[in-house]
Amino acid sequence: CAAAVGYAELKRIMGNENVIAASAGFPGSRTEFLFNKFNVPMPKVIEDVRPRVEDVMNTSPVVVYQGQTLLEAMEYIKDSQMSRLPVINDQGIFLGMVSLFDLAERMFQKDRSSGFDEDGEGVISRGVNTSIALAAKTLNARVSSLGCDKNDISEHNVYVGAMSLERLKTDVLKGNSGNLVVVVGDRSDVHEALVDAGIYMMIVTGSAGIDLDLIRKAKENGTTILQTPFDSATAVRRLKFSQPVELMKQKEVTVLSARNKLSDIYRQLMSKMAENFPVCDSDNMLLGALTKADLDQEPPVNLVLVDHNELDHAVKGASEVPVIEIMDHHRLGISPTDKPIVVTNDVVGSTSTLVVEQYRKFGYDPSPEIAGILMGGVVTDTLYLRSPTSTERDKIAIEYLEKLCGVKAKTLLDEIFSVGSVIANQTQKKVVSQDKKNYKTDIFSFSVSQVEESGFENFEASKEALFSELVNIVESEGMDFAALLVTDVVYENSLLLVAGRQKIINALPFSKINDNLFDLPDILSRKKQLLPTLLKAFEKV
């Protein structure tokens, strides 16, 4: 944590924006003490960096509102160049999707009752759900007579009146006229017959004039009259699209959550015909929209791996985002990268030492607060230069940091280890998992956890429960071997608790205390002392 926070601060000083120091797990109490002592905020805990829908979705998609017409939806689809759009209400609640394909089908749909076409040879019937207000809006029409509430939406049979008056009366007006909508040109005899019949709406095309007395009669009979500049064929086509969009929305729609991982939904979405998908919260509020093209966007997160370089040790999803830099002092297990990256990997006792050297290389001094946590990183990693991984460079870093933060390194180490026993104050699961490293050879996979204590008393009281946690790691993670290195920082000795395949345990070259516990005198470093010995033992197996 200390190295990551210190390096992120250097990046910001050097002008890099949007740099965040993060921890892949919750730091322990000693780390929390160190950061609190120097008044440095704890790093953000990010356990998974796999790209999610919220990282790439369009948060301001083109939408169609409830109550708008299909004609308006068609215009929005054309302008947005999307094949379909979300329909929402005034509160932003998602109602469904309106599709270009459904609108096209409606445009070419035929529903003829008498075999005549809509260019004027006879009559054509078609059901339309609309209101007077929507019809007038779609037809750019003037309302000359209003027969009822202009906002009431109901279904109507639409006819084109392009026949003789006698045929009109026998074929159109013979039934219920209360739901009839007739589109007619400049024919006063037909106008009068329709008003006398009290039809629901008469649409007069070509801006044809209407007798004022007839308008008065229409108001008395409850007939609405619209006057539109369009011809009859155009008026009928547009009238079909005066229907409110919510009556034609797609109800069976794949709705995404903003927290969906792209890798989890990729195949599902790519198998669908649709090109875009709504993103909603738990209350069905529309948050945005995701297209198939968004699935292939460059991930919004770039990683700098600090104090590790193997993806097995990294935060979940590290393999799905670009790793652009590594700052580490462990063995190399770097996975192949698509592009060249910056790698700083050197033989020192602490990655915090490498971070200090970066500050000095570029001519900056860390603030007293950052210097304090970096010194905490160096002294705990090297056990104040007693660990066999310690180098002269770690010593130089400590001397430099002491001057900047005004605290003695030995005093700081004593304070950190006086915070309390990790084993006594944490659950057994957290003791085993908080500093756990996973490794792989050509044949075996294994993990080694480490915890530092002042004496072995607390370990002795918890070793059976800790052994059970190691067994759980072996079984749940499919490991061949799992170990916990318990290091006594006062007397500089360690114990190794192990679980796993018996032939691996039998090959360990350590002094056995019992079947699953070994004595490791003078061993302090997992990286430099324990791991090489384990790898040699595995080769023999």
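1. Observations regarding the overall build of the protein chain
- Looking only at helices and strands, the protein chain has 20 helices and 22 strands in total.
- For 541 residues, the compact-globule estimate of 2.2 N^0.38 gives 24 Å, and the protein chain exceeds it by more than 25% at 38 Å.
- On the principal axes, the C-alpha backbone points of the protein chain span a range of 115 × 50 × 40 Å.
- A buried classification covers 50% of the 541 residues belonging to the protein chain.
- Within the structure as shown, the protein chain displays about 25700 Å² of accessible surface, and the carbon and sulfur contribution to it stands at 47%.
- The positive charge centre, built from 58 side chains, and the negative charge centre, built from 75, are 2 Å apart in the protein chain.

2. A short note on the sheet that holds strand E20 (residues 493-500)
- Pairing within the open sheet is mixed, and its six strands lie in the order E17-E18-E19-E20-E22-E21. Each having just a single partner strand, strand E17 (436-440) and strand E21 (511-514) make up the two edges of the open sheet. The mean inter-strand angle of the sheet, taken between neighbouring strand axes irrespective of direction, is 25°.
- Note: E21 against strand E22 (residues 517-521), three bridges, orientation antiparallel.

3. Some words on the packing of aromatic side chains
- A full pass over the atoms with the stated rule returns five aromatic pairs.
- With 4.8 Å between their ring centres and 75° between their planes, Phe446 and Phe538 make a pair best called edge-to-face. Placement of the pair is Phe446 in strand E18 (residues 445-453) and Phe538 in helix H20 (residues 526-540), with a sequence separation of 92 residues. With respect to burial, Phe446 and Phe538 carry one shared label: buried.
- Three or more aromatic residues joined by ring pairs make a cluster, and in this case those are Tyr439, Phe444, Phe446, Phe481 and Phe538.
- Over the ring of Phe38 we find Lys37, and its NZ or CZ is 5.9 Å from the ring centre.
- Lying across the ring of Tyr400, Arg360 places its NZ or CZ 4.0 Å from the centre.

4. A closer look at the pairing of E17
- Sheet analysis places E17 next to E18, joined by five bridges and oriented antiparallel. In the strand pairing of E18, Asn438 is matched with Ser447.

5. Focus on the layout of surface pockets
- There is about 460 Å³ of room inside the second largest pocket.
- Forming the boundary of the second largest pocket are 22 residues, of which Val321, Pro322, Val323, Thr337 and Asp338 lie nearest the centre.
- Sort the elements by how many residues they give to the lining of the second largest pocket and strand E15 (residues 323-328) lands first, with three residues.

6. Here's the deal with the packing of helix H8 (residues 188-197) against helix H9 (residues 212-221)
- One can describe the packing of H8 onto H9 by two numbers: an axis separation of 9 Å at closest approach and a directional angle of 20°. In terms of axis orientation, H8 runs roughly parallel to H9. Here H8 runs over H9; the crossing is left-handed. Facing H8, whose interface residues are His191, Glu192, Val195 and Asp196, H9 presents Leu214, Lys217, Ala218 and Asn221.
- For the contact of H8 with H9, the residue count by class is three nonpolar, two polar and three charged.

7. Some points on a nonpolar patch on the surface
- A contiguous nonpolar surface patch, about 330 Å² in accessible area, is contributed by Ile13, Met14, Phe362 and Tyr364.
- Its location among the elements puts Met14 in the loop between helix H1 (2-13) and strand E1 (22-23).
- Given the relative accessible area of 36%, Met14 is considered partly exposed.

8. As for the sheet that holds strand E4 (residues 84-88)
- On the basis of which strands lie adjacent, the open sheet formed by three strands has the order E3-E4-E5 and mixed pairing. Looking along the sheet, the strands with just one partner apiece sit at the ends: strand E3 (64-65) and strand E5 (94-99).
- As paired elements, E4 and E5 share five bridges and run antiparallel to each other. Across the sheet, Val87 pairs through a bridge with Gly96, a residue of E5.

9. Regarding the nonpolar core
- Core analysis: the largest hydrophobic core is formed by 40 residues, its most contacted members being Phe38, Ile373, Met375 and Leu401.
- Going through the elements one at a time, H1, helix H2 (29-37), helix H12 (351-361), helix H13 (368-382), helix H14 (392-405) and helix H15 (409-417) are the ones with two or more residues in this core.
- What Leu401 contacts, discounting residues up to four positions off in sequence, is Val356, Pro366, Ala371, Leu374, Met375 and Val378.

10. Remarks on the pattern of salt bridges
- This structure, assessed with the given rule, holds 21 salt bridges.
- Taking the shortest distance from any N to any O, the salt bridge between Arg259 and Glu54 comes out at 2.3 Å. In this pair, Arg259 is assigned in the loop between helix H10 (232-239) and helix H11 (262-270) and Glu54 in helix H3 (residues 53-56), connecting sequence segments 205 residues apart.
- A salt bridge links Glu275 to Lys292, with the shortest nitrogen-to-oxygen separation between them at 4.0 Å. Taken together, the residues Glu275 in the loop between H11 and strand E12 (276-280) and Lys292 in the loop between strand E13 (286-291) and strand E14 (303-306) connect sequence positions 17 residues apart.
- With a relative accessible area of 10%, Lys292 lands in the buried category.

11. Thoughts on the packing of H13 against H14
- For the pair H13 and H14, the least separation of the axes is 9 Å and the interaxial angle reads 145°. Like other packed secondary-structure pairs, H13 and H14 cross with a definite hand, here left-handed. On H14, the residues touching Pro368, Ala371, Gly372, Leu374, Met375, Val378, Val379 and Thr382 of H13 are Asp394, Ile398, Leu401, Glu402, Leu404 and Cys405.
- A class-by-class count of the residues in the contact of H13 with H14 yields ten nonpolar, two polar and two charged.

Rules and cut-offs
Residues numbered from 1 in each chain as written. Predicted model: local features only at pLDDT ≥ 70, side-chain atom pairs only at ≥ 80, totals over all residues. Heavy atoms only, no water. Helix = DSSP H or I, 4+ residues; strand = E, 2+ residues; numbered from the N terminus. Rg over C-alpha atoms; globule rule 2.2 N^0.38 Å. Buried < 20%, exposed > 50% of the residue type's maximum accessible area, 1.4 Å probe, protein only. Areas by Shrake-Rupley, 256 points an atom, 1.4 Å probe, with all protein chains shown as cover. Lys, Arg positive; Asp, Glu negative; His and termini not counted. Charge placed at Lys NZ, Arg CZ, Asp CG, Glu CD. Pairing = 2+ DSSP bridges. Axes fitted to C-alpha atoms, helices over the stretch in contact; angles between N-to-C directions. Phe/Tyr/Trp six-rings, centres within 6.5 Å; stacked < 30°, edge-to-face > 60°. Lys NZ or Arg CZ within 6 Å of the ring centre and 35° of its normal. 1 Å grid on protein atoms, 1.4 Å probe; cavity = no way out; pocket = protein on both sides within 12 Å on 5 of 7 lines; lining within 4 Å. Points joined across faces, edges and corners; volume = space filled by probe spheres on them. Parallel < 35°, antiparallel > 145°, perpendicular 65-115°, else oblique. Left-handed = near helix turned anticlockwise from the far one by under 90°. Contact = heavy atoms within 4.5 Å. Nonpolar A, V, L, I, M, F, W, Y, C, P; charged D, E, K, R; others polar. Patch = residues over 30% accessible without salt bridge, like charges linked within 9 Å, V, L, I, M, F, W, Y side chains within 5 Å. Salt bridge = Lys/Arg side-chain N within 4 Å of Asp/Glu carboxyl O. Core = buried A, V, L, I, M, F, W, Y, C linked by side-chain atoms within 4.5 Å.

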